[in-house]
Every structure is written in structure tokens, then in C-alpha cells.
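# Inside the fold
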Amino acid sequence: MSSIKNLEMAAAVSAYQNITIKKSLFSTKAVYTPTSSPVKAKVLEYSPSEGERVEHLLNMPFEKMIADIEQKGKPKTSANGNFRLEVCLSEDQQFCALQLFRFADFSYRAHFEPRFYEGKDVEYIAKLL
């Protein structure tokens, strides 16, 4: 489990209208305001082929994405990958933020801006994780 403040997309998540950041002396916690659910961060890494599949899935309509995952299974993570997916997911699965990065020129480069999902859309995204 990663800390939200250590993510590349931390500023975007903190600025999102339905997220409240609670700071204490030793920790920073995010809460999805409409449901008061804590938001947890995680980082998933993928091999080049699986990372390209993740990118392809994220650019599909939800119905096609679910059909692909049911047919081929979820993309498999790896210990050290060329792709890194940063994810913030509320415990009640009503909020999700994610951003995909690709390793190039000795650092991870964002593949797209952070994406935010709420409500029923999060159920679809959660099947990918």
C-alpha cells in the first residue's frame, strides 16, 4: 500500500472536488466526501505487453473492457515493470482515480492525465485492478 502523498498524481487527487485531505503529524489521509469513505492508494507495475493491454483496456468503453477481462483475465502485474498504474480507490468502491505511466529515458512518463471515476463506473474499473 502506498501513501497518496507519494504518488505522481497526488496534487490532482488532492484538488479533486469530492476529496478531503486530512493531515496529522505522521500521516496524510484522503476521504471521499460524499460517502466519508477512506481512500487508499496503490501502485501496480506491468510488463511491456501487459502494460500495453492495460492502456488499451482503459481506452475501451466499459462494456468491451469487461468482456475482454472476462475472456482473457485481468492483466498480470510484475515486480518491476515498464508500466506503472497509480490507483486511488475508496474502500466503498464509489471513487477511483488512476494514472498510467511508462518508463522511458530513465524515468516514468505520464501516458495520460489523471482520470477520475465515481459511482457505478468504479465497479467496472475495479474489475481491472
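In case you missed it, the structure is sitting above this.
A brief structural summary. (Residues numbered from 1 in each chain as written. Predicted model: local features only at pLDDT ≥ 70, side-chain atom pairs only at ≥ 80, totals over all residues. Heavy atoms only, no water.)

## A short note on the pairing of strand β2 (residues 28–32)
The sheet contact formed by strand β1 (residues 19–23) and β2 spans five bridges and is antiparallel. Its bridge partner lying in β2, I19 is registered against Y32. In textbook terms, the turn of a hairpin is the stretch between consecutive antiparallel strands, and for β1 and β2 this stretch comprises four residues. Here β2 pairs with strand β3 (residues 37–46) via three bridges, running antiparallel. Looking across to β3, one finds that Y32 is bridged to S37. (Pairing = 2+ DSSP bridges. Helix = DSSP H or I, 4+ residues; strand = E, 2+ residues; numbered from the N terminus.)

## Describing the pattern of salt bridges
Within the structure shown, the criterion is met by six salt bridges. A salt bridge links K120 to E123; the nearest nitrogen and oxygen atoms lie 3.6 Å apart. Note that K120 and E123 are positioned in helix α4 (residues 120–128) at a spacing of three residues, about one turn of the helix. Residue E123 is classed as partly exposed on the basis of its relative accessible area, which comes to 39%. When salt bridges with common partners are traced through the structure, they connect R53, D68 and K72 into a single cluster. (Salt bridge = Lys/Arg side-chain N within 4 Å of Asp/Glu carboxyl O. Buried < 20%, exposed > 50% of the residue type's maximum accessible area, 1.4 Å probe, protein only.)

## A closer look at unusual backbone geometry
For S36, which is not a glycine, the phi torsion comes out positive at approximately 55°. You can see S36 is positioned in the loop between β2 and β3. At Q93, a position not held by glycine, the phi torsion is positive, near 55°. Tracing the backbone shows Q93 in the loop between β4 (83–90) and β5 (95–104). For Q93, a relative accessible area of 33% gives the class partly exposed.

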